[in-house]
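Structure at a glance
Spelled out from the first residue to the last, the chains are:
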Amino acid sequence: MIQFFNTLSGKVQPFHPLKKNQVKLYTCGPTVYDYAHIGNFRAYLFEDLLKRFLLFQGYRVLHVMNLTDVDDKTIKGARAEGISLKEFTQKYTDAFFQDIDTLNIHRADYYPRATQHISSMVRIIKGLLQKGYAYEKDGSVYYDISKFKDYGKLSKIKMHKLKTGTRIESDEYEKESAHDFALWKYKKEGEPYWETEIGPGRPGWHIECSAMSSQYLGDTFDIHCGGVDNIFPHHENEIAQSEAYSGKEFVRYWLHCHHLIVNGEKMSKSKGNFYTLRDLLERDVNPRVLRFLLLSTHYRKILNFTFEALDQASTSLQRITDFIYNLGHQSFPSGESKDISQLIQNTKQKFISGLSNDLNISQALPPIFEMIRKVNRLIKQKKVYQKDTQNLRTFIHSVDNVLAVLPQEKEESLSSELMEKIKLRQKARKEKNYELADRIRDELYQKGIILEDTKNGVRWKIIKKKK
RNA sequence: GGCGCGGUGCCCAAGUGGACUAAGGGAGGGGUUUGCAAAACCUCGAUUCGUCGGUUCGAAUCCGACCCGCGCCUCCA
């Protein structure tokens, strides 16, 4: 049985999708005004783990992720670069897709853009006006939160206890109450706007998610994810809009992932600890290792990103990849052992129950490492057979359908020049010219290539370049 | 002020009343193996789970107080 911590109930609870075997998932996507940073990717990776695990468990998943391509930041950015909003956001949208591919994140089924769903938003805003949940002022439309009884049910915030920040008072738009929020912002000089039934203007921050989620997933859907910082006000407001409009429950399970910090502090550009994926790739960080690191802390814990942690993740992951490699590059006697198949079954069961427990990766991973140690021990005792190695590899690869951290079979290759060096060294070793052999090994090590002499020949592997 | 998170060995991190004389990964010490390495295997590392009290036959796990670190409260994953 799968269980998730639902922000709405504040508890871990059993997961039952609305439709048996199908999960409808909405995840808050990027505002495409800049390159995404590793904190963003932590959230997307958590969502990817969630989705891959659901798929692994046999669910069909209908996944929608929005792209916010009109808001204050995108408008400002486009203006600063002197290009159209569309041109500007396209650049970062392309970058976003590149990055999620780099990190091996499954594509969503739909990536609706806010600018292409204005009419859906207008329809909801009109409905909210008709039902009395919204009011118009100076051409803008606001949501009157006092009309929505359940306001605060997600974030557990009591509005009368909320402190009013200075930012609210300085809002450029006129609202009746400080906590009311804009559904529609009346057009402003020099800003993009749409001519609509509710007048010229552009959508407020929250309405796109209400509109696009219901358009693709229906009024009620199973899971909505995002970062904790979205709980209030973004998701609270989505609930207010959607439930007031449809009269139905909006989302059944809210899953929020915690933040990533860097060296114990919040990531910020002024502190110089702000990393985009691209920054890390420039430092020769292997995206698989980054993926493994960001994935291997439970999503509801704060993750402290450090380069030391990255190194640890790298070594840890290497243990799995070496294991797979060894299974494929040693000879084993033909046959099959019951012990191994049983071990695989046990490991699989523990892996699944770990992830079933609110995606507890720290509980799901250890069985894999335990299995690896046990099998390595059995290999030494010559109790592993050919069929076992196939079963083990199939199993590890199926686990990797969820983790997606192992290299592709032919990911790495060496230049022919380096291959010649390796051949030369093999010859030297045969002739017991160890001095030359060691010199070549050192030379390759300087280039970030480790050579291992095994019973079945030489193995090379590329490690991170030494700085 | 409101809401919430966390403090487990050198580092990361599970475990939330009894099989814990506390998983797993990384680093480190010792050994097996190896031409030497690497990998792999064996082995050693917390009488102890922020502190102090309490409940209990029994607590890292429950209760109370306190200390420390952190997040959100209309830019934010």
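Since the model is a prediction, treat every value here as computed from it, not as a measurement. (Residues numbered from 1 in each chain as written. Chains lettered and ligands numbered in written order. Predicted model: local features only at pLDDT ≥ 70, side-chain atom pairs only at ≥ 80, totals over all residues. Heavy atoms only, no water.)

Take the nonpolar core next. Counting residues in hydrophobic clusters, the biggest one holds 83 residues, and the most contacted among them are L54, I223, L290 and F305. The two domains that each donate at least three residues to this core are domain 1 (3-257) and domain 2 (271-403). In this structure L54 touches I2, F4, F15, V23, Y59, V61 and I223, once residues within four positions along its chain are discounted. Listed in part, the 43 residues of the second largest apolar core include V64, A78, F88 and F181. (Core = buried A, V, L, I, M, F, W, Y, C linked by side-chain atoms within 4.5 Å. Buried < 20%, exposed > 50% of the residue type's maximum accessible area, 1.4 Å probe, protein only. Domains from an automatic or database assignment. Contact = heavy atoms within 4.5 Å.)

So, on to the packing of helix α10 (residues 307-328) against helix α12 (residues 361-380). Between α10 and α12, whose axes approach to 11 Å, the crossing angle comes to 40°. By the criterion of interaxial angle, the relationship of α10 to α12 is oblique. Of the two possible hands of crossing, α10 and α12 adopt the one that is left-handed. Contacts between α10 and α12 involve S316, R319, I320, F323 and L327 from the former and F369, M371, I372, R373, V375, N376 and I379 from the latter. Classifying every residue of the contact of α10 with α12 by side-chain character gives eight nonpolar, two polar and two charged. (Axes fitted to C-alpha atoms, helices over the stretch in contact; angles between N-to-C directions. Helix = DSSP H or I, 4+ residues; strand = E, 2+ residues; numbered from the N terminus. Parallel < 35°, antiparallel > 145°, perpendicular 65-115°, else oblique. Left-handed = near helix turned anticlockwise from the far one by under 90°. Nonpolar A, V, L, I, M, F, W, Y, C, P; charged D, E, K, R; others polar.)

With parallel pairing, four strands are arranged side by side in an open sheet as β4-β3-β9-β10. If you trace the sheet from one side to the other, it starts and ends with β4 (60-65) and β10 (251-257), each paired once. Sheet twist, expressed as the mean angle between neighbouring strand axes with direction ignored, is 20°. The pairing of strand β3 (residues 22-27) with β4 spans six bridges and is classified as parallel. Opposite V23, over in β4, you have V61 as the bridge partner. (Pairing = 2+ DSSP bridges.)

This paragraph deals with the domain arrangement of chain A. The accessible area lost on association of the parts is a frequent measure of interface size. By domain assignment, chain A separates into domain 1 (3-257), domain 2 (271-403) and domain 3 (416-462). For domain 2 versus domain 3, the distance between C-alpha centres works out to 28 Å. Roughly 420 Å² is buried in total at the junction of domain 2 and domain 3, and carbon and sulfur atoms are behind 36% of that figure. By the criterion of area lost to domain 3, the three top residues of domain 2 are Q318, D322 and Y325, representing 68% of everything that side buries. Inspection of the domain 2/domain 3 interface yields two salt bridges. The residue D322 makes a salt bridge to K461 at a minimum N-O spacing of 2.8 Å. Counting every contact that joins domain 2 to domain 3 gives two residue pairs in polar contact (both at pLDDT 80 or more). (Buried area = accessible area lost by both parts, 1.4 Å probe. Salt bridge = Lys/Arg side-chain N within 4 Å of Asp/Glu carboxyl O. Polar contact = N/O pair within 3.5 Å; in protein donor to acceptor, adjacent residues only side chain to side chain.)

Okay, the packing of aromatic side chains next. In total, this model carries 22 aromatic pairs according to the counting rule given. Between F96 and Y111, the ring centres sit 6.4 Å apart and the planes meet at 75°, which makes this aromatic pair edge-to-face. With F96 in helix α3 (residues 85-102) and Y111 in the loop between α3 and α4 (118-130), the pair connects residues that are 15 residues apart, well separated along the chain. For the pair shown, F96 and Y111 are each scored as buried. Taken together through their ring pairs, the aromatic side chains of F41, Y44, F96, F97 and Y111 make up a single cluster. (Phe/Tyr/Trp six-rings, centres within 6.5 Å; stacked < 30°, edge-to-face > 60°.)

Moving on: the pattern of salt bridges. It is possible for side chains of opposite charge to pair when their charged atoms get near one another. Taken as a whole and judged by the stated rule, the model has 25 salt bridges. One salt bridge connects R300 with D358, and the closest N-O pair in it is separated by 2.8 Å. Within this pair, whereas R300 is found in the loop between α9 (287-295) and β13 (303-305), its partner D358 is found in the loop between α11 (338-356) and α12, the two being separated by 58 residues in sequence. On the basis of relative accessibility, which here comes to 29%, the residue R300 falls in the partly exposed class. Of the residues examined, D358 reaches a relative accessible area of 2% and is grouped as buried. The salt bridge involving D322 is made with R459; its shortest N-O contact spans 2.7 Å. Remark: R459 occurs in strand β15 (residues 457-462) and D322 occurs in helix α10; sequence separation between them is 137 residues. Through salt bridges with shared partners, one network takes in R425, R429, D438, R441 and D453.

Within the secondary structure layout, T389 lies in helix α13 (residues 386-403). When its relative accessible area of 7% is taken as the criterion, T389 is described as buried.

Attention shifts here to the state of the cysteines. Summed over all chains, the structure comprises zero disulfides. Distance from the sulfur of C28, which forms no disulfide, to the nearest cysteine sulfur (C209) is 4.3 Å. Residue classification places C209 among the buried residues on the basis of a relative accessible area of 1%. (Disulfide = S-S within 2.5 Å.)

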